[in-house]
Amino acid sequence: QFAQILQREYANKEQLGDQVLIELVRYAGLNQGALYLRTQQADEDYLERIATYAYGKKKYVDHRLEVGSGLVGQCVLEKETAQLT
């Protein structure tokens, strides 16, 4: 299913992110999720949230995190996952 999503053409990264995240949330039986895209440049290293999904509907929220900031940024920095219950 993910391979089919990745093979389709999308107008932008947000549309691709939406489709990947919706499928992942449904597949894993979750009720919410977020998908971040990491951007690394000479003077910047940050995460841009490109898709969110919560409780059966899409949420439109722009968000940017520095690597190492917050729970998501810390997971990226440490290259480890965190599981919340």
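This text follows the structure it describes.
Analysis parameters
Residues numbered from 1 in each chain as written. Predicted model: local features only at pLDDT ≥ 70, side-chain atom pairs only at ≥ 80, totals over all residues. Heavy atoms only, no water. Pairing = 2+ DSSP bridges. Helix = DSSP H or I, 4+ residues; strand = E, 2+ residues; numbered from the N terminus. Core = buried A, V, L, I, M, F, W, Y, C linked by side-chain atoms within 4.5 Å. Buried < 20%, exposed > 50% of the residue type's maximum accessible area, 1.4 Å probe, protein only. Polar contact = N/O pair within 3.5 Å; in protein donor to acceptor, adjacent residues only side chain to side chain.

A.B. asks: For this particular structure, what's the right way to read the pairing of strand E1 (residues 32-40)?
C.D. replies: For a regular strand, the rule is simple: side chains alternate between the two faces of the sheet. Direction of pairing for E1 relative to strand E2 (residues 45-54): antiparallel, over a ladder of nine bridges. The residue of E2 that forms the bridge with leucine 37 is glutamate 48. Counting the residues between successive antiparallel strands, the hairpin from E1 to E2 contains four residues.

A.B. asks: Whenever I open this one, the nonpolar core confuses me. Can you help?
C.D. replies: Within soluble globular proteins, side chains that are nonpolar tend to cluster in buried spots. In this structure, Leu21, Ile22, Val25, Ala51 and Tyr53 together form the largest nonpolar core, which totals five residues. When contributions to this core are tallied by element, the ones reaching two or more residues are helix H2 (13-28) and E2. Here the element with the most residues in this core is H2; it accounts for three residues.

A.B. asks: Mind showing me how you'd approach the side chain of arginine 49 here?
C.D. replies: Relative to the elements of secondary structure, arginine 49 occurs in strand E2. Overall, the relative accessible area of 18% leaves arginine 49 in the buried class. In this structure the side chain of arginine 49 is engaged in a polar contact, spanning 3.5 Å, whose partner is the side chain of tyrosine 36.

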